[in-house]
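Structural overview
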Amino acid sequence: MFPDRVLSGMRPTGRLHLGHYHGALKNWAKLQHEHPCYFFVADWHALTTHYETPDVIEQYTYDTVIDWIAAGVDPSQATMFVQSKVPQHAELTLLLSFFTPISWLERVPTYKDQVEKQAQFGRDLATYGFLGYPLMQAADILIYRANLVPVGEDQVSHIELTREIARRFNHLFGREKGFEEKAEAAIKKLGSKKAKRYNELRTQYQQEGNAEALEIAHELLSDVQNLSMGDRERLFGFLEGGGKVILPEPQALLTETSRLVGIDGEKMSKSYGNTIDLRESEEGVTKKIRTMPTDPARIRRTDPGDPEKCSVWTLHQVYSDQTTRDWVMQGCKTAGIGCLECKQPVIDGIIKELKPMRERAAPFEEDPTLVKNIIADGCEKARDTAEETMRDVRDAMGLNYR
Ligand code: TRP
Ligand code: SF4
C-alpha cells in the first residue's frame, strides 16, 4: 500500500568500528541501492541514558555520520539525518503515549535488566524517558511509514512493540464514519473479477486465518492502478477487519551478524575498549592485531595449536579466502607457521578494507561544514516526509483544527 521504505538509526556513541561495519553499515550500503533509505542519528535516545554528559553529543553525531559515509553510505542515495532536528518524532511519541499501556513498555525484555545493570554504575534509569525508549523508537519508524527496519537481534522486541502500537493506532483511529460503505464502494471500483477475488481472499483470511490469502490479497491490491490513496488504505484495512491502515506495521530485517571479535577475543564493543575503528591508521591495525591473544596452548613457536580455540581464526573467516584458511589450519596444527605469520593476511585484509574508508572520510574531517550540510539536507527531507504522516495522524486524532 505504501511504497517500500527502509529506516534505521544508531545512537551517537563516538567513532564507529569494524563491528558496526560488519554488523550493520555494510548492509545499509547495500540496501541504499534497493530501496529508499532513511538513516538517522538517535541523539535523543542517547540522552535517555547519558543525560549527564550532553557535551559529547554534537561531536559524536558528526563522527557517526562521517563514519557512515566512510563505510559507503552515500548521501546522494540515502537520506541521513538527526532525530532531534525533526521535532515531529517528539510529537508522535507524545501522541502514541496516550494509548500505550505502561505494561507493554515494562515487559520489553531489556527494560528491567538495563535499569538494574546501569544502577550498578551509578546511572539512574528509573526515569519516564527511559521507560519510553522503545516508544520513541516506534515513533521513529512509524513516522516514515517504514516497512523495513534493518536491526540486530537485540532490537527485535522493539520492532515487535512497534507493530503492536501501529495495530492499536489503526484500530483506535482508523475507523471513519461509514467505513464499511466506503470500503464496499471501493471494492466495486476493482472491477467485477478482481472484486470477486478480493472478497474470496478476505473471507479466507478472516474466517480461516489464512495468512497466505492475506498476502495474495495484498499483491492483488498492489497491482491495481486506478485507486485513490484513501480507497487503497480502506481496502487494505478492510481485509483485516479493521479500519484504514494509517500507520503500517514494519518488519525487522535481521542482519546476520558475523559477530566480530575485538582484539581481546571478546565481542567487539566500545565499552570493552577492544575495537578497531573505521578510521584506524595502518600502524594502529598492525599493532592491535599483532598483540591479539591466540590459542593459549601455543606458548612456544614449536607448540602446535588449534584455530578453533583462537580468535584470530574467526577473523580469517571474514578476511581470508579458502586457500589462506587451509594454510592456517594446516600450519597451526603442525606448528608449521608462527602466530605473527598467521596474522599477516588478517592485517592485510583489514588494511585493504579500511583504506577507502579513510579516504572517503578525509574531506569531511578537513571541513566539518561538508557534513553539516549533508545533515541539514537530510533533515529537511526527513521533516517533509514526517510531516506528511503527522498530517494524517493529527487528522485521525481529532487535531486538525486551528
Ligand atoms: N535502539 C536502537 C539501538 O540502540 C537505535 C534506534 C533508535 C533505532 N531508533 C531506531 C533503530 C529506529 C532502528 C529504528 O541500536
Ligand atoms: Fe591462532 Fe593462527 Fe596462532 Fe593458530 S597460528 S594459534 S590460528 S594465530
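Here the structure is a predicted model, which is why all the values come from computation and not from measurement. (Residues numbered from 1 in each chain as written. Chains lettered and ligands numbered in written order. Predicted model: local features only at pLDDT ≥ 70, side-chain atom pairs only at ≥ 80, totals over all residues.)

Looking now at the overall build of the protein. The number of helices and strands found in the protein is 18 helices and five strands. Taking the principal axes of the C-alpha coordinates as reference, the protein spans close to 80 × 50 × 40 Å. Looking at the protein as a whole, 35% of its 402 residues qualify as buried. (Helix = DSSP H or I, 4+ residues; strand = E, 2+ residues; numbered from the N terminus. Buried ≥ 20, exposed ≤ 12 C-beta atoms within 10 Å, placed from the backbone.)

Next up on the list: the nonpolar core. Grouped burial of nonpolar side chains is what soluble globular proteins tend to show. Core analysis: the biggest nonpolar cluster contains 91 residues, and Tyr38, Phe39, Val65, Val73 and Met80 have the highest contact counts within it. Beyond its immediate sequence surroundings of up to four residues, Val65 is in contact with Val41, Met80, Val371, Ile374 and Ile375. (Core = buried A, V, L, I, M, F, W, Y, C linked by C-beta atoms within 7 Å. Contact = placed C-beta atoms within 7 Å.)

Turning our eyes to something else, we now look at the packing of helix α10 (residues 179–188) against helix α13 (residues 229–239). At their nearest, the axes of α10 and α13 sit 9 Å apart, and the two run at 105 degrees to each other. Considering the angle they form, α10 stands roughly perpendicular to α13. The segment α10 lies against α13, with Phe179, Lys182, Ala183, Ala186 and Ile187 engaging Asp231, Arg234, Leu235 and Phe238. Per-class residue counts for the contact of α10 with α13 are six nonpolar, no polar and three charged. (Axes fitted to C-alpha atoms, helices over the stretch in contact; angles between N-to-C directions. Parallel < 35°, antiparallel > 145°, perpendicular 65-115°, else oblique. Nonpolar A, V, L, I, M, F, W, Y, C, P; charged D, E, K, R; others polar.)

A few words now on the domain arrangement of the protein. Buried accessible area, meaning the area lost when the parts come together, often serves as the stated size of an interface. One can read the domain layout of the protein as domain 1 (6–173 + 249–258 + 367–396), domain 2 (179–239) and domain 3 (279–365). Relative to domain 3, the C-alpha centre of domain 2 lies at a distance of 56 Å. (Domains from an automatic or database assignment.)

If you check helix α17 (residues 339–366), its first and last C-alpha atoms are 38 Å apart, about what 28 residues at 1.5 Å a residue would give, namely 40 Å. At Leu354, α17 shows its largest bend, some 30 degrees, and a proline, Pro356, comes one to four positions later. Buried residues of α17: Cys342, Lys343, Val346, Ile350, Leu354, Met357, Ala361 and Phe364, and no others. Where α17 is buried, its residues touch α3 (57–70), α14 (282–290), α15 (311–319), α16 (322–333) and α18 (368–396). (Expected span 1.5 Å × (residues − 1). Bend = angle between axes of the 7 residues up to and from the residue.)

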